[in-house]
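# Observations on the three-dimensional arrangement
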Amino acid sequence: RKEVEQDPGPFNVPEGATVAFNCTYSNSASQSFFWYRQDCRKEPKLLMSVYSSGNEDGRFTAQLNRASQYISLLIRDSKLSDSATYLCVVAPLGGYSTLTFGKGTMLLVSP
Amino acid sequence: DGGITQSPKYLFRKEGQNVTLSCEQNLNHDAMYWYRQDPGQGLRLIYYSQIVNDFQKGDIAEGYSVSREKKESFPLTVTSAQKNPTAFYLCASSATGSYNEQFFGPGTRLTVL
């Protein structure tokens, strides 16, 4: 089983739609979880850290389910500018732990 | 402006040549990382450093070398021993006591001709 698995997509949605991505991870020792956004031919940028209780930042909501070892990202009221690849990232606890990246899910928002 | 810079943005080299990619950060971060990204692939860790004058191999260190003589700088050398060096190279850094968040530079796109 791959360490971090994501549906590669693309997810094609119209503006204003709600879209959700899931990500599963295999290492039960994982303690830190993130969603990064990567535009075409650019560097990844941190979108959200994912906390145990779940967290929301504007139109974005991240949830963590440790029992089932999956993380989700919900985007409400999609904008054209949300079109990008979303990377699911996990890490063991603390320090300078190295991150494990999923291959990403591509989102295309159309007018 | 605080951030991570990488240079050059694009780099072309001939087979058999070594090439060094620059990574500098002024965020006062202790840890720095090098990743490689191939089309349709996730990021793979090449090397990382938690402190000056110390670094560890990542998952795909063969054919690469690094140094960490200054906190701000973590250059990566792609040697002729690297069989498939054409890729997008990303440098990142993270802070002491952080929740492991890493912040990336703009990347260097290396093409071997």
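Let me sum up the structure you'll find in this document.

Conventions we followed
Residues numbered from 1 in each chain as written. Chains lettered and ligands numbered in written order. Predicted model: local features only at pLDDT ≥ 70, side-chain atom pairs only at ≥ 80, totals over all residues. Heavy atoms only, no water. Helix = DSSP H or I, 4+ residues; strand = E, 2+ residues; numbered from the N terminus. Rg over C-alpha atoms; globule rule 2.2 N^0.38 Å. Buried < 20%, exposed > 50% of the residue type's maximum accessible area, 1.4 Å probe, protein only. Areas by Shrake-Rupley, 256 points an atom, 1.4 Å probe, with all protein chains shown as cover. Lys, Arg positive; Asp, Glu negative; His and termini not counted. Charge placed at Lys NZ, Arg CZ, Asp CG, Glu CD. Disulfide = S-S within 2.5 Å. Contact = heavy atoms within 4.5 Å. Salt bridge = Lys/Arg side-chain N within 4 Å of Asp/Glu carboxyl O. Polar contact = N/O pair within 3.5 Å; in protein donor to acceptor, adjacent residues only side chain to side chain. Patch = residues over 30% accessible without salt bridge, like charges linked within 9 Å, V, L, I, M, F, W, Y side chains within 5 Å.

## Considering the overall build of chain B
- Counting its regular elements, chain B contains 0 helices and 11 strands.
- In chain B, the order of α-helices and β-strands from amino to carboxyl end is β-β-β-β-β-β-β-β-β-β-β.
- Taking 13 Å as the expected radius of gyration for a compact globule of 113 residues, we find that chain B reaches 13 Å, a close match to that expectation.
- Over its C-alpha atoms, taken along the principal directions, chain B stretches across nearly 40 × 25 × 25 Å.
- A buried classification covers 50% of the 113 residues belonging to chain B.
- Accessible area of chain B: about 5500 Å², with a carbon and sulfur share of 48%.
- Averaging the locations of the 11 positively and 11 negatively charged side chains of chain B gives two centres separated by 8 Å.

## Side note on the state of the cysteines
- Following the criterion strictly, the structure yields 2 disulfides over all chains and no others.
- The partner cysteine of C23(A) in its disulfide is C88(A), sulfur to sulfur 2.0 Å. Looking down the S-S bond of the C23(A) and C88(A) bridge, the torsion is -70 degrees, so its handedness is left-handed. Here C23(A) is found in strand β3 (residues 19–25), whereas its partner C88(A) is found in strand β9 (residues 84–91), with 65 residues between them in sequence.
- Put simply, C23(B) and C91(B) are joined by a disulfide, and their sulfur atoms are 1.9 Å apart. On the sign convention where negative is left-handed, the bridge of C23(B) and C91(B), at about -75 degrees about the S-S bond, is left-handed. Placement of C23(B) in strand β3 (residues 19–25) and of C91(B) in strand β9 (residues 87–94) is noted, with a sequence separation of 68 residues between them. Neither residue differs from the other here; C23(B) and C91(B) are each classed as buried.

## Some points on the interface of chain A and chain B
- Taken together, the 27 residues of chain A in the interface contact 27 residues of chain B.
- Seen at the junction of chain A and chain B, the total is 0 salt bridges.
- One can count 3 residue pairs in polar contact (both at pLDDT 80 or more) joining chain A with chain B.
- Counting only elements with at least two residues in the side of chain A that touches chain B, the list comes to β4 (32–38), β5 (44–50) and β9 of chain A.
- Counting residues per element, the side of chain A that touches chain B draws most heavily on β4(A), at 5 residues.

## Details of a nonpolar patch on the surface
All names here are of chain B.
- Together, Y10, F12 and L113 make up an exposed nonpolar region whose accessible area comes to about 370 Å².
- Along the chain, the position of L113 falls in the segment after β11 (108–112).
- L113 sits in the exposed class, given a relative accessible area of 63%.

The values are spatial; any link to function lies outside them.
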